[in-house]
Amino acid sequence: MDIALYVLAIALIVGGLIGAVLPTIPGIPMIFGGIWLAAALDDYQHLGSVWLLILGILSAIGVAMDFVSASFGAKRVGASSLAIWGASIGTFIGMFLGLPGLILGPFVGALVGELVSSKSVLRSAHVSIGTWLGLLFGALVKLVLSLMMVGLAAGVWLLNL
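Since we're looking at a predicted model, the values are computed, not measured.

### A look at the overall build of the chain
Line of reasoning, step 1. Summing up its helical and strand segments, the chain has 6 helices and 0 strands in all.
Line of reasoning, step 2. The helix and strand sequence of the chain, counted from the amino end, reads α-α-α-α-α-α.
Line of reasoning, step 3. Dimensions of the chain, computed from the C-alpha atoms along their principal axes, are close to 60 × 25 × 20 Å.
Line of reasoning, step 4. For the chain, with 161 residues in total, the buried portion stands at 35%.
Line of reasoning, step 5. Nonlocal contacts in the chain, meaning residues at least 24 apart in sequence, comprise 66% of its contacts between residues at least 6 apart.
Line of reasoning, step 6. In the form shown here, the chain has an accessible surface area of approximately 8900 Å², with 80% of it arising from carbon and sulfur atoms.
Line of reasoning, step 7. Charged side chains in the chain number 5 positive and 5 negative. The centres of these two groups are separated by 30 Å.

Here you go:
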């Protein structure tokens, strides 16, 4: 049974790393859950409560940054709520269209949302670029924090062998 649970922990961590770049998969919580499961299976011998608390704080920062960075990028350039919704919908649709969809989806969604709201093409382009950059920054922060979490957990685990 332990082997199956370790496989589940590894699957959660790997799925979480994939989720660090795919916006609809909760990557950071999955990574934290996988690390916590592996630590629990080991009776917290290699990865204790202090390290789990540190990883939990990194998880909370990562999840918060994801929301803050997307809205910060949009609000920084004065995006309407329709542009923000458009970027979210574009991101969701883009996820089914591969890498080009993930890159262009938020941009096109924000552009359409702002066009509906303001009718100005120049303003809509400006807002969509700001929104897209905010989403891109959020994805980059999530990826860095995800890799930090996995690296810290693996390093602490190996040091405590």
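So that's the structure; there's more coming.
### Details of the pattern of salt bridges
Line of reasoning, step 1. One pass over the full model with this rule turns up 1 salt bridge.
Line of reasoning, step 2. Residue Glu114 is joined to Arg123 by a salt bridge in which the shortest nitrogen-to-oxygen separation is 3.6 Å.
Line of reasoning, step 3. Assessed through its relative accessible area of 32%, Arg123 is described here as partly exposed.

### Quick word on the environment of Asp43
Line of reasoning, step 1. By the element assignment, Asp43 lies in the loop between helix H2 (27–41) and helix H3 (49–76).
Line of reasoning, step 2. Along the sequence, Asp43 and Ile10 sit 33 residues apart, while their C-alpha atoms lie 17 Å from each other.

### Considerations on H2
Line of reasoning, step 1. Look at H2: 21 Å from first C-alpha to last across 15 residues, which is about the 21 Å you get at 1.5 Å a residue.
Line of reasoning, step 2. Turning to H2, its buried residues are Gly27, Ile28, Ile31, Phe32, Gly34, Ile35, Ala38, Ala39 and Leu41.
Line of reasoning, step 3. Two residues or fewer past H2, Asp43 is found with a positive phi of approximately 55°.

Cut-off values and rules
Residues numbered from 1 in each chain as written. Predicted model: local features only at pLDDT ≥ 70, side-chain atom pairs only at ≥ 80, totals over all residues. Heavy atoms only, no water. Helix = DSSP H or I, 4+ residues; strand = E, 2+ residues; numbered from the N terminus. Buried < 20%, exposed > 50% of the residue type's maximum accessible area, 1.4 Å probe, protein only. Contact = heavy atoms within 4.5 Å. Areas by Shrake-Rupley, 256 points an atom, 1.4 Å probe, with all protein chains shown as cover. Lys, Arg positive; Asp, Glu negative; His and termini not counted. Charge placed at Lys NZ, Arg CZ, Asp CG, Glu CD. Salt bridge = Lys/Arg side-chain N within 4 Å of Asp/Glu carboxyl O. Expected span 1.5 Å × (residues − 1).

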